[in-house]
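Structural description and commentary
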Amino acid sequence: MKKKITALCLFFVIILSESMLNAQYLHIEKKNPLIEEIVNRVSYEKMVEMHDMICSFETRHTFSDTVSDTRGTGAARRWMYNTLKDFSRESGGRLRVYMDTFDQPLTGRLARAKEKFGVEKWRMVNVVAVLPGKTDDLRFIVNGHYDTRTDSGLDEVNTNPGANDDATGVIASMELARVLSNYEFEHTLMFVAFDSEENGLLGANHMAETAVNEKWEIGGVLGDDMIGNIAGGNGITDDSGVRVFSQGPEDSKSRHLARYISYTGEPYVPSLEIKHIFRLDRFGRGGDHSAFVRRGFAGVRFTELNEHFGHQHGLNNDTIEFMSREYMFRVTKMQAAVMSSLGMAPKPVEMQRPFRDRSDYSTVIRWKHDTLENDISGFKIFIRETDNGYWQESVDAGKVEKKMIRTRRGENEMYEFKLYYRSVDDYIFGVAAYDNDGNVSLISTYDPPVRNR
Ligand SMILES: [Zn+2]
């Protein structure tokens, strides 16, 4: 772990803190040996080899060369597609690999492209690998974007290999496809390299739109965008953590997903801490996860702790020498743990409104859950104070029996657990299901309707 601050030659520079990292988040109690095995299969050598290759295409600008086999976006995506096909073959044909193509009208902010290239539409291509779930089609997506840019958004000629932005995210997703395709998961996992993030999240918007139209059940999107820079332009070098951005409000689906990442991911990669940022993204900047979040899906963004603007979006300034592939490797390992947990764990529960039992002051927590009973080993109750953004404790409720409960909405099959000494007024409660191997589902809460009167 490296953590150092280079002195800045300025008067009165006050360094407030050595590191942004300080929180101690709640973690799973026991690691799953199978997930440990998966994490250990993520290969630094393989990632470096693939990262060298994707950077060798010099530019992957959306409007760059599509014909050459050595330079430009066409060569890059054919290489990604063929490599993912190889991974599928190596895993016994378990990955479904395809190019998700669409013709983007060159209107709005792309009007200048229409002028420059003299065409109405442009063929855009996401490269996708799907690992179908054993039980259902609840999906979890991990992605990067493969397009690059220089200082001009419409420079399709000059070299900038986007070694960090965002070859890192693409290679992380590809390595996860390679490793995870050797295992079976309950739910469906998708590994995606989006096109044209730099022109307005076009590839991601296309897929998110497809997801809405085809009614995909998406449990979460992990967007990787720049997970390779450790030397910030602010003079701080720090590779001890990674930022995870999540849109609120406090118990939004995205926030639940973010908390799950520190809960299940940190124990498997102790050298990397999650720094939660409770925002959709950085100020004035966007990322592919937003395309999903805007359409009501859970999505977060992974980004290095300190950015270096001198090594982004310029003329050949985002190159391998300025980044740390060891850091990219560790972020990928953590995502292997998180994606595996998401893929193996039961579906989240549907929490009902908690209430006070007036006879004994306990809090009654109820939830519905539709997974086959014999897959569920038990449930956990999560607790935090209302002014705390993070889960503080969990209580094992064990194997709770389902029963018929009469409410104002009629009779319903659900689960019920009584919690003492935790007033319903003073805490936020969450519930998760866990299976026989201890894999814990995403944590659900009851979100009260907002009433201002
Ligand atoms: Zn990017």
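Residues numbered from 1 in each chain as written. Predicted model: local features only at pLDDT ≥ 70, side-chain atom pairs only at ≥ 80, totals over all residues. Heavy atoms only, no water.

Across its full length, the protein chain holds nine helices and 19 strands. Here the protein chain has a C-alpha radius of gyration of 23 Å; the compact-globule value for 453 residues is 22 Å, and the two agree. Dimensions of the protein chain, computed from the C-alpha atoms along their principal axes, are close to 75 × 55 × 50 Å. Put simply, the protein chain has 453 residues, and 58% of those count as buried. (Helix = DSSP H or I, 4+ residues; strand = E, 2+ residues; numbered from the N terminus. Rg over C-alpha atoms; globule rule 2.2 N^0.38 Å. Buried < 20%, exposed > 50% of the residue type's maximum accessible area, 1.4 Å probe, protein only.)

All of the protein donors around the zinc ion are His 145 (NE2), Asp 165 (OD), Asp 225 (OD) and Asp 225 (OD); their distances to the metal are 2.0 to 2.6 Å. Here the donor residues of the zinc ion share one chain and are spaced in sequence as H-x19-D-x59-D. Highlighted residues: Asp 165 in the loop between strand S4 (139-145) and helix H5 (167-180) and Asp 225 in the loop between strand S6 (218-224) and strand S7 (236-238), separated in sequence by 60 residues. (Donors = N, O, S within 2.8 Å, 3.2 Å for Na, K, Ca; no water.)

Turning to the side chain of His 145, a few remarks are in order. Relative to the helices and strands, His 145 is located in strand S4. The class of His 145 is buried, set by a relative accessible area of 0%. Sequence-distant contacts of His 145, defined by excluding residues within four places in its chain, comprise Asp 165, Asp 166, Val 170, Phe 194, Glu 197, Glu 198, Asp 225 and Asp 288. (Contact = heavy atoms within 4.5 Å.)

Where strand S13 (residues 362-368) meets strand S17 (residues 410-419), five bridges bridge the pair, whose relative direction is antiparallel. Within S17, the residue paired with Val 364 across the bridge is Lys 418. (Pairing = 2+ DSSP bridges.)

As enumerated under the stated definition, the model contains 15 aromatic pairs in all. Centre to centre, the rings of Phe 117 and Trp 122 are 5.2 Å apart; their planes meet at 50°, and the pair counts as tilted. According to the relative accessible area criterion, Phe 117 is partly exposed, its value standing at 22%. Each residue in the set Tyr 25, Phe 278 and Tyr 390 is aromatic and connected to the rest through ring pairs, giving one cluster. Directly above the ring of Phe 278 sits Arg 255, whose terminal nitrogen or CZ lies 3.8 Å from the centroid. Across from the ring centre of Tyr 434, 5.5 Å away, lies the NZ or CZ of Lys 380, which sits over that ring. (Phe/Tyr/Trp six-rings, centres within 6.5 Å; stacked < 30°, edge-to-face > 60°. Lys NZ or Arg CZ within 6 Å of the ring centre and 35° of its normal.)

Right, let's talk about the sheet that holds strand S19 (residues 444-445) for a bit. Taken in spatial order, the four strands of this open sheet run S15-S14-S18-S19, and their pairing is antiparallel. Only two strands of the sheet have a single neighbouring strand rather than two, namely strand S15 (393-398) and S19. In terms of strand pairing, strand S18 (residues 427-435) meets S19 through two bridges, oriented antiparallel. Paired with Gly 430 across the strands is Thr 445, a residue of S19.

Let us now look at the pattern of salt bridges. All chains considered together, the criterion is met by 35 salt bridges. As a salt-bridge pair, Asp 103 and Arg 123 come within 2.7 Å of each other at their nearest N and O atoms. In this pair, Asp 103 is assigned in strand S2 (residues 96-105) and Arg 123 in strand S3 (residues 121-131), connecting sequence segments 20 residues apart. Here Asp 225 makes a salt bridge to Arg 301, at a shortest N to O gap of 3.5 Å. Placement of the pair is Asp 225 in the loop between S6 and S7 and Arg 301 in strand S10 (residues 299-304), with a sequence separation of 76 residues. (Salt bridge = Lys/Arg side-chain N within 4 Å of Asp/Glu carboxyl O.)

A few words now on the domain arrangement of the protein chain. Domains assigned within the protein chain are domain 1 (18-344) and domain 2 (350-445). Relative to domain 2, the C-alpha centre of domain 1 lies at a distance of 34 Å. Every contact between the two is made by 19 residues of domain 1 and, on the other side, 20 residues of domain 2. Both faces combined, the contact of domain 1 with domain 2 buries some 1600 Å², and carbon together with sulfur accounts for 54% of it. At the boundary of domain 1 and domain 2, one finds two salt bridges. Close ionic contact of Asp 251 with Arg 384 constitutes a salt bridge, the shortest N to O distance being 3.1 Å. Our count for the domain 1 to domain 2 interface comes out at eight residue pairs in polar contact (both at pLDDT 80 or more). Of all the elements in the fold, those that place two or more residues in the side of domain 1 that touches domain 2 are helix H7 (253-265) and helix H9 (325-344). In terms of residues, the side of domain 1 that touches domain 2 owes the most to one element, H7, which gives five residues. (Domains from an automatic or database assignment. Buried area = accessible area lost by both parts, 1.4 Å probe. Polar contact = N/O pair within 3.5 Å; in protein donor to acceptor, adjacent residues only side chain to side chain.)

Moving on: H5. With 14 residues, H5 should reach 20 Å at 1.5 Å per residue; the first-to-last C-alpha distance of 20 Å fits that figure. Summarising burial for H5: 14 of the 14 residues are buried, a large majority. (Expected span 1.5 Å × (residues − 1).)

Moving on, we get to the side chain of Asn 143. Mapping Asn 143 onto the fold places it in strand S4. You can call Asn 143 buried: its relative accessible area is 1%.

This brings us to unusual backbone geometry. That bond from Asp 165 to Asp 166 is cis: its omega, 0°, falls within 30 degrees of zero. With respect to the element layout, Asp 166 can be found in the loop between S4 and H5. Each neighbour pair has its own omega, and for Gly 248 with Pro 249 the value is 5°, a cis peptide bond. Locating Pro 249 in the fold gives a position in the loop between strand S8 (241-246) and H7. Positive phi, close to 55°, is recorded for Lys 215, a residue that is not glycine. Structurally, the position occupied by Lys 215 is in the loop between helix H6 (202-213) and S6. Judged by its relative accessible area of 73%, Lys 215 is exposed. In this structure, Met 226 takes a positive phi of about 70° despite not being glycine. Of note, Met 226 is situated in the loop between S6 and S7. Judged by relative accessible area, which is 1%, Met 226 ranks as buried.

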